[in-house]
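Each chain, letter by letter, is given below.
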Amino acid sequence: MGGLKKPLRILFLSSEVAPFAKTGGLADVAGSLPDAVKRQGAEVSIALPFYRVTREGAFSAQPLFSGLRVPLGGATLGGHVLQAHTKEGVPVYLFEREDLFDRPNLYATSEGDYYDNLERFVYFTRAALLFLKHMGSPVDVIHCHDWQTGLVPAYLKTVYRDDPLLGSTATLFTIHNIGYQGLFPQEKLAVCGLPPRVLHMEGLEYWGQISLLKAGIVYADALTTVSPSYAREIQTPEFGLGMEGILQKRVKDLHGILNGADYDLWSPDKDPDIPYPYDEHRLEEKARNKAALLDEVGLKESVRDRPLFGMISRLSAQKGCDLLVQVMEDIIGLGAGLVILGSGEEKYQTLLEKAARRDPGNLSLRIGFDESLAHRIMAGADVLLLPSRYEPCGLTQMYALKYGTVPLVRATGGLDDTIVPFDPETKQGNGFKFGPYKADALMGAVKQAIRHYQDPATWQGLMRNGMAEDFSWDRSAQRYLDLYQSILSA
Ligand code: ADP
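Residues numbered from 1 in each chain as written. Predicted model: local features only at pLDDT ≥ 70, side-chain atom pairs only at ≥ 80, totals over all residues. Heavy atoms only, no water.

K.L.:
When you look at the nonpolar core in this model, what are you seeing that I'm missing?
P.N.:
Side chains of a nonpolar character, in soluble globular proteins, are inclined to be buried together. Among the nonpolar cores identified, the biggest contains 175 residues, and Phe95, Ile142, Phe309, Leu408 and Tyr484 are the most heavily contacted of them. Counting residues per element, this core draws most heavily on helix H4 (residues 117-135), which supplies 11 residues. Here phenylalanine 309 is in contact with Ile331, Ala336, Gly337, Leu338, Val339, Val383, Leu385, Leu408, Val446, Ala449 and Ile450, once residues within four sequence places are set aside. (Core = buried A, V, L, I, M, F, W, Y, C linked by side-chain atoms within 4.5 Å. Buried < 20%, exposed > 50% of the residue type's maximum accessible area, 1.4 Å probe, protein only. Helix = DSSP H or I, 4+ residues; strand = E, 2+ residues; numbered from the N terminus. Contact = heavy atoms within 4.5 Å.)

If you want it as structure tokens, here you go:
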């Protein structure tokens, strides 16, 4: 930022931030975007809950404040704030309350969501606002992410409207996935501490319930989602999942900004999790990673000379798991290998496990969340499968490109924005794409990939096209900065 202009002060509020706590792409974004925004000259901080996994992680977090008094329903709860830092020195405020956050998982067990998720995230967001007041250091914009932080814009427009410190704070609300709407019974509005007048169709009310996602959509000064295509899609009934009407009303304030990839964490030439570092000039090292991966996941050695398809994903309907289950055996029938790393819904785990048992030499299934193995699959696979039903942005296809692992995606959301189908005539393009959410459409793209894989010169060209792509965060961070400025001057 030039001249004497004061740097913008931005607080990121997110329920997960890598590496402190992660279940998916939200954590990657909330872990990397603040550093990128700081590099553009802003003054940035981050707030997230202090979960058990954060406590058990190797982070140095110092106690900072013990005097929180957070209203929750009729009660007032205490709590602590600890401070850690990102790799670029952005302060990270961790909100500790054992009874709410010291649990095995972030949001749910395999039986379902924690019963008190509303209380947990009301506590977190109110605690964050009260902490700002306590510190006496206002910020210009609070950048909220997903339903867990959706109440913050509502608090600022109601409870803290005339507050000397918070009253002039602006909010940006980013929708990472409209499928997670933070729905709770209306009777629980009192837990939020919001006035009853917010309970109407243009407020928090959503078909007889309250929606924290809707609170963010309605009350934030501006909205973003994580790709231009998804910004358009969520205004339609097919993708808006009931929120399309309220989004159409805010269309002037809704922006699609593509997520970025953090190449400090996802580059094959400096990835500590892979055995053989490589880049576009050392593609033979990728083959060594493939051989090591086959060994690690128990696939036949003969897959070395055949295409290896990989998938790293939450196991949910969104990610196209039902399609995957339908085509797994056909992919292997075409002579390919398949390695899947996933965690999530039990229904899909069971279906995948059943299929995997039939041909363990060609199909390997790892159930669980394993960050390190994710990197080795990224390096060792030839093709990364993303047959998503819908995909707000998708990060793994961007990582795959950098690893010379060719993405095969369904044309939806951010996958459609980032993947250009390979054209054998011009040799342009960076992946394979299919349209209809149907097994034969997916298999059509699989067959194309296998055909081009047979021609090493073509395949290496395709790998290099992907490796030359640049989806780094800096461009998107600049767009966020412009948006923060424009909200403040509105
Ligand atoms: P989403 O946020 O919808 O899950 P994204 O593509 O935006 O999808 O981000 C997914 C992130 O989570 C990526 O960093 C990916 O590597 C990681 N990931 C997903 N599933 C697993 C898993 N089972 N083990 C390790 N990492 C995973």
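There is more to say, and it comes next.
K.L.:
For this particular structure, what's the right way to read the packing of aromatic side chains?
P.N.:
Within a pair of aromatic rings, the relevant descriptors are the distance that separates the centres and the angle that separates the planes. All chains considered together, the criterion is met by 17 aromatic pairs. An angle of 50° between the planes, with centres 4.7 Å apart, marks the rings of phenylalanine 20 and phenylalanine 59 as tilted. Residue phenylalanine 20 is located in the loop between strand S1 (9-13) and helix H1 (25-39), and its partner phenylalanine 59 is located in the loop between helix H2 (52-56) and strand S3 (62-65); the two are separated by 39 residues in the primary sequence. In this structure phenylalanine 20 comes out as buried when scored by relative accessible area, which is 3%. Looking at phenylalanine 59, the relative accessible area reads 28%, which means it is partly exposed. Seen from their ring centres, tyrosine 51 and phenylalanine 101 are 5.8 Å apart, and the 80° between their planes marks the pair as edge-to-face. Linking tyrosine 51 in the loop between strand S2 (43-49) and H2 with phenylalanine 101 in helix H3 (residues 98-101), this pair joins segments that are 50 residues apart in sequence. Phenylalanine 101 carries the same exposure label as tyrosine 51, and that label is buried. (Phe/Tyr/Trp six-rings, centres within 6.5 Å; stacked < 30°, edge-to-face > 60°.)

K.L.:
Would you take a moment to explain the pattern of salt bridges for this structure?
P.N.:
Two side chains bearing opposite charge may form a pair once their charged atoms approach each other closely. Throughout the structure, instances matching the rule amount to 24 salt bridges. Salt-bridge contacts for aspartate 163 lead to lysine 133; the nearest nitrogen and oxygen are separated by 2.4 Å. Remark: lysine 133 occurs in helix H4 and aspartate 163 occurs in the loop between helix H5 (151-157) and strand S11 (170-175); sequence separation between them is 30 residues. On the basis of relative accessible area, aspartate 163 is assigned to the buried category, the value being 13%. Overall, lysine 133 belongs to the partly exposed group, its relative accessible area being 31%. Two residues, glutamate 329 and arginine 358, come together in a salt bridge whose shortest N-O distance is 2.1 Å. Of this pair, glutamate 329 sits in helix H12 (residues 321-333) while arginine 358 is found in helix H13 (residues 346-358), placing the two residues 29 residues apart along the sequence. For glutamate 329, a relative accessible area of 40% translates into the label partly exposed. (Salt bridge = Lys/Arg side-chain N within 4 Å of Asp/Glu carboxyl O.)

K.L.:
Is there a simple way to explain the state of the cysteines in this structure?
P.N.:
Any covalent bond linking the sulfur atoms of two cysteines counts as a disulfide. If you walk through the whole model with that rule in mind, you get zero disulfides. Free cysteine: cysteine 321, not disulfide-bonded; nearest cysteine sulfur from cysteine 393 at 19 Å. (Disulfide = S-S within 2.5 Å.)

K.L.:
Before we go on, may I ask you to explain helix H17 (residues 439-453) in this structure?
P.N.:
What sets the pattern is the α-helix's 3.6 residues per turn: residues three or four places apart point alike. A rise of 1.5 Å per residue sets the reference length of H17, with its 15 residues, at 21 Å; its end C-alpha atoms lie 21 Å apart and thus fit the reference within 8%. The complete set of buried residues in H17 reads Ala441, Leu442, Met443, Ala445, Val446, Ala449, Ile450, His452 and Tyr453. (Expected span 1.5 Å × (residues − 1).)

K.L.:
I'm lost on the site of the ligand in this one. Help?
P.N.:
Residues in close proximity to the ligand total 20 residues, the closest being Gly25, Asp28, Arg314, Lys319 and Gly368. Residue glycine 368 places a main-chain N or O atom 2.8 Å away from a nitrogen atom belonging to the ligand. When isolated, the ligand has an accessible area of 560 Å², and the protein chains bury 93% of it. When contributions to the shell around the ligand are tallied by element, the ones reaching two or more residues are H1, strand S17 (308-315), strand S18 (337-344), helix H14 (371-380) and helix H15 (396-402). Partitioning the shell around the ligand into residue classes produces six nonpolar, eight polar and six charged. (Near = heavy atom within 4 Å. Polar contact = N/O pair within 3.5 Å; in protein donor to acceptor, adjacent residues only side chain to side chain. Areas by Shrake-Rupley, 256 points an atom, 1.4 Å probe, with all protein chains shown as cover. Nonpolar A, V, L, I, M, F, W, Y, C, P; charged D, E, K, R; others polar.)

K.L.:
Sorry if this is basic, but what is going on with the sheet that holds strand S14 (residues 209-211) here?
P.N.:
One open sheet accounts for three strands, arranged S12-S14-S13; its pairing is antiparallel. Since the sheet does not close on itself, it has two edges, and those belong to strand S12 (183-185) and strand S13 (205-206), each with one partner. Where S12 meets S14, three bridges bridge the pair, whose relative direction is antiparallel. Counterpart to proline 185 in the pairing with S14 is glutamine 209. (Pairing = 2+ DSSP bridges.)

K.L.:
Just to check I follow, could you spell out the environment of proline 228 for this structure?
P.N.:
In this structure, proline 228 sits in helix H8 (residues 228-233). Put simply, proline 228 and glutamine 428 are 200 residues apart on the chain and 22 Å apart in space, counted from C-alpha to C-alpha.

K.L.:
I would appreciate a short explanation of H13 in the present structure.
P.N.:
In a regular helix each residue adds 1.5 Å, so 13 residues correspond to 18 Å; H13 covers 19 Å between its end C-alpha atoms and thus fits that length. Burial in H13 covers these residues: Tyr348, Gln349, Leu352, Ala355 and Ala356. What you see down the axis of H13 is that its buried residues fit within an arc of 135°, all on one side. In H13, those exposed residues whose orientation departs by more than 90 degrees from the buried face are Lys347, Arg357 and Arg358. Buried-residue contacts for H13 involve S17, H12, S18 and strand S19 (363-367). (Arc of directions from axis to C-beta.)

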